[in-house]
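Inside the fold
Here is what each chain is made of, one letter per residue.
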Amino acid sequence: MKMIITMASLFLVIGCKTVPINSKSTTMNLKNLHTENKAVQTSVLFQPTDGKVISLQIAKNKQLAEHMTKVPALLVCVSGNATYKDENGTTITLQSGDYFNIPVNVKHWVDAHEESNFLLIK
């Protein structure tokens, strides 16, 4: 898990800068991964052998519906403004740069107050 968090941190630091590798390189942006007109969209960024990092986008005033995770997960807000809530009464406001460790086997959901992009690390 530490390796996944380290790699995701590097992605956040390096991935946000435009660094030309060669004349054919292009800047990658999380918003470009979500091209469908859907309220909630996901895209696997890469999948190491022991986990994965998922790009998650939730449209303004939409919700990632109630669900549970069976493995530890870290939710990192890249942009936007949203609220994480769970069945235990936890309420966390998430804005760019904020993160939250999602507990295992706890029902939770996320409400976006504006278009919001996240990295979900499992």
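About the cut-offs
Residues numbered from 1 in each chain as written. Predicted model: local features only at pLDDT ≥ 70, side-chain atom pairs only at ≥ 80, totals over all residues. Heavy atoms only, no water. Pairing = 2+ DSSP bridges. Helix = DSSP H or I, 4+ residues; strand = E, 2+ residues; numbered from the N terminus. Axes fitted to C-alpha atoms, helices over the stretch in contact; angles between N-to-C directions. Phe/Tyr/Trp six-rings, centres within 6.5 Å; stacked < 30°, edge-to-face > 60°. Buried < 20%, exposed > 50% of the residue type's maximum accessible area, 1.4 Å probe, protein only. 1 Å grid on protein atoms, 1.4 Å probe; cavity = no way out; pocket = protein on both sides within 12 Å on 5 of 7 lines; lining within 4 Å. Points joined across faces, edges and corners; volume = space filled by probe spheres on them. Nonpolar A, V, L, I, M, F, W, Y, C, P; charged D, E, K, R; others polar. Salt bridge = Lys/Arg side-chain N within 4 Å of Asp/Glu carboxyl O.

The subject of this paragraph is the sheet that holds strand β3 (residues 63-67). Taken together, four strands build an open sheet; the order of strands is β3-β8-β5-β6 and the sheet is antiparallel. Pairing within the sheet leaves two strands with one partner each, and these edge strands are β3 and β6 (91-95). Between one strand and the next, the sheet's axes are offset by a mean angle of 15°, whatever the strand orientation. Relative to β6, strand β5 (residues 81-86) runs antiparallel, the two sharing five bridges. Paired with Ala82 across the two strands is Leu94, which belongs to β6.

Within the structure shown, the criterion is met by one aromatic pair. Ring plane angle 45° and centroid distance 4.5 Å describe the contact between Tyr84 and Phe100, whose orientation is recorded as tilted. With Tyr84 in strand β5 and Phe100 in strand β7 (residues 99-102), this residue pair connects regions lying 16 residues apart in the sequence. Phe100 matches Tyr84 in its accessibility class, with the two residues each being buried.

This part takes up the layout of surface pockets. Volume-wise, the second largest pocket comes out at about 160 Å³. What lines the second largest pocket is a set of 13 residues, and nearest its centre among them are Leu56, Leu64, His67, His108 and Leu120. When contributions to the lining of the second largest pocket are tallied by element, the ones reaching two or more residues are β2 (53-58), β3, β4 (73-79) and β8 (108-112). Its residues placed into classes, the lining of the second largest pocket shows eight nonpolar, four polar and one charged.

The phi dihedral of Asn61 is positive, around 65°, even though this residue is not glycine. By the secondary structure assignment, Asn61 is in the loop between β2 and β3. We note that Asn105 has phi near 60°; this positive angle belongs to a residue other than glycine. Tracing the backbone through its elements, the reader meets Asn105 in the loop between β7 and β8.

Counting across every chain of the model gives one salt bridge. Of the charged contacts in the structure, one is a salt bridge between Lys38 and Glu36, with a shortest N-O distance of 3.9 Å. Classification of Lys38 by relative accessible area gives partly exposed; the value is 46%.

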